[in-house]
There are 2 protein chains.
Amino acid sequence: MKIVIDGMGGDNAPKSNVEGVVNAIKEYGVDIIITGDKEILENEFAKHEFDKSKLEIVHTTEIIENEDKPVKAIRSKKDSSMVVALRMVKENKADAIVSAGNTGALLAGGLFVVGRIKGIDRPCLCPAIPNVKGGMTLIADGGANADCKPINLVEFAGMSNIYASKVLGIENPRVALANVGIEEGKGNDLAKKSYEELKKLNLNFIGNIEARELINSYTDIVVCDGFTGNILLKSAEGIAMSILGLLKETFLASTKGKLGAMLLKDDLRKLKTMMDYSEYGGAPLLGVNGGVIKAHGSSDAKAIKNAINQAIKFAKGDVVEDIKEFIKTIEENSEEE
Amino acid sequence: MKIVIDGMGGDNAPKSNVEGVVNAIKEYGVDIIITGDKEILENEFAKHEFDKSKLEIVHTTEIIENEDKPVKAIRSKKDSSMVVALRMVKENKADAIVSAGNTGALLAGGLFVVGRIKGIDRPCLCPAIPNVKGGMTLIADGGANADCKPINLVEFAGMSNIYASKVLGIENPRVALANVGIEEGKGNDLAKKSYEELKKLNLNFIGNIEARELINSYTDIVVCDGFTGNILLKSAEGIAMSILGLLKETFLASTKGKLGAMLLKDDLRKLKTMMDYSEYGGAPLLGVNGGVIKAHGSSDAKAIKNAINQAIKFAKGDVVEDIKEFIKTIEENSEEE
């Protein structure tokens, strides 16, 4: 088992990436490859005590920045820490990659460098949002495909179902369709047609879910096109953060408020952690020929370590093999019809 | 100026409707027609002191329930409080209608009873969500049209722009397109094409807005298809309410928390009010030949009174005439091309 880390990707790279790698080696005993500027990385690693036999540093000379155009960056920055790491997955030198770098570039790299699983029309990004029960809900697709057909949503459902069972350990995950009402027949053309197809799948499809219920832990997975997924994800993130900000502002506006807030400090911190999307590790890109885990851009050492743990479980869980099996059954069923 | 109220529509009808009407007569001196069971309504009105010359009760024998299928209900329950009220707008016996009843039925009734403005392809529902600055942001379309073409979004933009200026009194309203990124060229096919068309309009189009920024008061209007609008609206509503619920739960879990919450009681109540979507009056149905205001299903007397005020401003503002003018300029421009 070998995991490769994009050493230079992320707002806190390479410091947090290096610290996350050190802690992952200590905690999971995993072999790690890290890509990036060798001198910089060695200086960072020199600050830590750990089993150096577990680490390989691969020198790269370029960095894909957040401002770079995704496809162009992947094609032109061939010696970037991200592209070199992706190539290692492609060439089976590593079982999975973790990157906190440019999301669009990682999606493009997943497609063009690692490559799609045969039979999958569109890979999907699968981030999680926290719910009020302290658990999380996967969004498939969380933003990789703005325009979708029903077959794409079927693939997203199947792939995220495998990921939820194998990597997150959820038994018989509940899969719901994002919609504007709970009754069958509701929604836009895509939702109506997708509902018909999702019903036929051999998984725990619980029907439609409204956006207002997403936070209430009624489902483990919500399936939708990537445009809708992005809206769901970003509005949850924005509103949660704004309300917490508003609370703080309101409390600090009066002496009584300040006193109250002081008493509630621990509770408020707990709430903030619960609502902090970066706590929930990385989002897998499902449907490509290997483990690709996107860590949050603002990942700290703990988030990187968590994402490495996800990558390990992804590789151990044979997620890619299971997706290949799933696609076979889909193709067989559609031939029978 | 005459406003007609669906006396039997809404979770708190007819009590709150009657009380809202009484307060509206007192505060605005407006003439009101109310539809519904005459005996029940007379009994309710008997509890209040007000200028009875301002009120006309029109007896109806049927009620459209929340569970009724919208189109079927409008077509079959011809003597319902909602259909009779809609017909009064159609026949110019009233300038606008307020209903807190079945939303789908009111949309269908707006189309089939009141009728579309000539040249408008799709009327839109235009609810508001609160923002952290204490103001609100209109969503056009907030759920009337699940599938849309770019021309529909152009109409939504123009109509909500008129409503925001004339009824809400916002000067030169900012209009943004709901999207997954702020740069031009982002999004799904509909968003990309709509952006091109929105740029050409003679209004204050400020470009794309991401879902996470909606609560931050960066725009007065957000334009989108009704599927996306519903997702935006419902996720904002759900998350805001869940976080406030979570806060309460967390605070009440410890003695320290209880003490802190007691000190913060007023602040928390202020926050709750700010986030309470029913406080923000009704949502207009724009693009039909008259004022149609949908009040929240759970409207209390205050919400009904606020919705009546909106209906008055809607009629006074000549919104329908302005929309007719807007459509003319759109048609002229497309002929020129």
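Residues numbered from 1 in each chain as written. Chains lettered and ligands numbered in written order. Predicted model: local features only at pLDDT ≥ 70, side-chain atom pairs only at ≥ 80, totals over all residues. Heavy atoms only, no water.

Caption draft 1: Region of the structure containing helix α2 (residues 38-45) of chain B. All names here are of chain B. Along α2, the residues that are buried comprise Leu 41, Glu 44 and Phe 45. Down the axis of α2, the buried side of the element spans an arc of 95°, and every buried residue falls inside it. Away from its buried face, by an angle of more than 90 degrees, α2 presents the exposed residues Glu 39 and Asn 43. Structurally, α2 contributes buried residues whose contacts are with α1 (15-28), β2 (31-36) and β3 (55-59). N-capping of α2 is provided by Asp 37, with a side-chain oxygen placed 3.1 Å from the backbone N of Glu 39. (Buried < 20%, exposed > 50% of the residue type's maximum accessible area, 1.4 Å probe, protein only. Helix = DSSP H or I, 4+ residues; strand = E, 2+ residues; numbered from the N terminus. Arc of directions from axis to C-beta. Contact = heavy atoms within 4.5 Å. Polar contact = N/O pair within 3.5 Å; in protein donor to acceptor, adjacent residues only side chain to side chain.)

Caption draft 2: Broad picture of the domain arrangement of chain A. Residue and element names in this part refer to chain A. Here chain A is described as being made up of domain 1 (1-120 + 287-318) and domain 2 (124-278). A straight line from the C-alpha centre of domain 1 to that of domain 2 covers 26 Å. Listed by partner, the interface residues are 13 residues for domain 1 and 10 residues for domain 2. Both faces considered, domain 1 and domain 2 share a buried interface measuring about 980 Å² in area, 66% of it formed by carbon and sulfur atoms. For the side of domain 1 that touches domain 2, the secondary structure elements donating two or more residues are α5 (103-114) and α11 (301-316). The element best represented in the side of domain 1 that touches domain 2 is α11, accounting for four residues. Split by residue class, the side of domain 1 that touches domain 2 holds four nonpolar, seven polar and two charged. (Domains from an automatic or database assignment. Buried area = accessible area lost by both parts, 1.4 Å probe. Nonpolar A, V, L, I, M, F, W, Y, C, P; charged D, E, K, R; others polar.)

Caption draft 3: Expanded view of the sheet that holds strand β4 (residues 96-99) of chain A. Residue and element names in this part refer to chain A. The strand order across the open sheet built from seven strands is β3-β2-β1-β4-β12-β11-β5, with neighbouring strands paired in mixed fashion. Strand pairing shows two members of the sheet lacking a second neighbour, β3 (55-59) and β5 (124-125), which therefore form its edges. Bridging between strand β2 (residues 31-36) and β3 involves five bridges; their strand directions are parallel. Counted as the bridge partner of Ile 34 is Ile 57 from β3. Of the strands in this sheet, β2 and β3 are in contact with helix α2 (residues 38-45), which crosses β3 at around 150°. Here α11 sits on the sheet in contact with β1 (2-6), β2, β4, β11 (283-286) and β12 (291-294), set at roughly 160° to β12. (Pairing = 2+ DSSP bridges. Axes fitted to C-alpha atoms, helices over the stretch in contact; angles between N-to-C directions.)

Caption draft 4: Region of the structure containing the relation of the copies chain A and chain B. When chain A is fitted to chain B, the residual RMSD is 0.1 Å, and the transformation amounts to a turn of 180° plus an axial shift of 0.0 Å. Such values leave the two copies arranged in the relation of a two-fold axis. Residue A:Gly260, judged by its C-alpha, is the member of chain A lying nearest the rotation axis, at 2.1 Å. The fraction of interface residues of chain A whose copies in chain B are also interface residues reaches 100%, indicating that both copies meet through the same surface. (Least-squares fit on C-alpha atoms with pLDDT ≥ 70 in both.)

Caption draft 5: Up close: the pattern of salt bridges. In the structure shown here, the tally under the stated rule is 34 salt bridges over all chains. Linking B:Glu196 and B:Lys199 is a salt bridge whose minimum nitrogen-to-oxygen distance equals 3.8 Å. Pair noted here: B:Glu196 and B:Lys199 are both in helix α7 (residues 189-200), with a separation of three residues, about one helical turn. For B:Glu196, a relative accessible area of 35% translates into the label partly exposed. Measuring nitrogen to oxygen at the nearest pair gives 3.3 Å for the salt bridge that ties B:Glu197 to B:Lys200. Taken together, the residues span about one helical turn, with B:Glu197 and B:Lys200 both in helix α7 at a distance of three residues. Three or more residues are tied together by salt bridges with common partners; here these are A:Glu184, A:Glu196 and A:Lys199. (Salt bridge = Lys/Arg side-chain N within 4 Å of Asp/Glu carboxyl O.)

Caption draft 6: Highlighting the nonpolar core. Counting residues in each nonpolar core, the largest one holds 179 residues, and the members touching the most others are A:Phe45, A:Ile308, B:Phe45 and B:Ile308. Once residues lying within four places of it in the same chain are set aside, the contact partners of A:Phe45 are A:Val18, A:Val21, A:Val22, A:Ile34, A:Phe50, A:Leu55 and A:Ile57. (Core = buried A, V, L, I, M, F, W, Y, C linked by side-chain atoms within 4.5 Å.)

Caption draft 7: A look at the side chain of B:Asn17. Residue and element names in this part refer to chain B. Residue position: Asn 17 is located in helix α1. Judged by its relative accessible area of 2%, Asn 17 is buried. Once residues lying within four places of it in the same chain are set aside, the contact partners of Asn 17 are Asp 6, Gly 7, Met 8, Gly 9, Asn 12 and Ile 304.

Caption draft 8: The sheet that holds strand β8 (residues 175-179) of chain A, seen in detail. Residue and element names in this part refer to chain A. The strand order across the open sheet formed by five strands is β6-β7-β10-β8-β9, and the pairing between neighbours is mixed. This sheet does not close on itself; its edge strands, each paired only once, are β6 (128-130) and β9 (205-210). Averaged over all pairs of adjacent strands, the angle between strand axes in this sheet comes to 35°, irrespective of strand direction. Of the strand pairs in this sheet, β8 and strand β10 (residues 221-223) are connected by three bridges, and their pairing is parallel.

Caption draft 9: Region of interest: a nonpolar patch on the surface. Residues and elements named next belong to chain A. Residues Val 71, Leu 111 and Phe 112 make up a contiguous nonpolar surface patch of about 240 Å² in total accessible area. The residue Val 71 is located in helix α3 (residues 70-76) in this model. With relative accessibility at 35%, the residue Val 71 sits in the partly exposed group. (Patch = residues over 30% accessible without salt bridge, like charges linked within 9 Å, V, L, I, M, F, W, Y side chains within 5 Å. Areas by Shrake-Rupley, 256 points an atom, 1.4 Å probe, with all protein chains shown as cover.)

Caption draft 10: Local environment of the pairing of strand β12 (residues 291-294) of chain B. Residue and element names in this part refer to chain B. Burial along β12 is two-sided: the residues Gly 291 and Ile 293 and Val 292 and Lys 294 are all buried. Relative to β12, strand β4 (residues 96-99) is paired through four bridges, and the arrangement is parallel. Residue pairing across strands places Ile 97 opposite Val 292, the latter belonging to β12. Where strand β11 (residues 283-286) lies against β12, two bridges are found, and the strand directions are antiparallel. Looking at the pairing, Ala 283 lines up with Lys 294 of β12. The antiparallel pairing of β11 with β12 creates a hairpin that spans four residues between the two strands, and Gly 287 there sits at a positive phi of about 110°.

Caption draft 11: Seen up close, the environment of B:Gly281. Residue and element names in this part refer to chain B. With respect to the helices and strands, Gly 281 occurs in the loop between α10 (265-275) and β11. Separated by 18 residues in the primary sequence, Gly 281 and Ser 299 place their C-alpha atoms 8.4 Å from one another. For Gly 281, the contacting residues outside a window of four places in its chain are Asn 306 and Gln 310.

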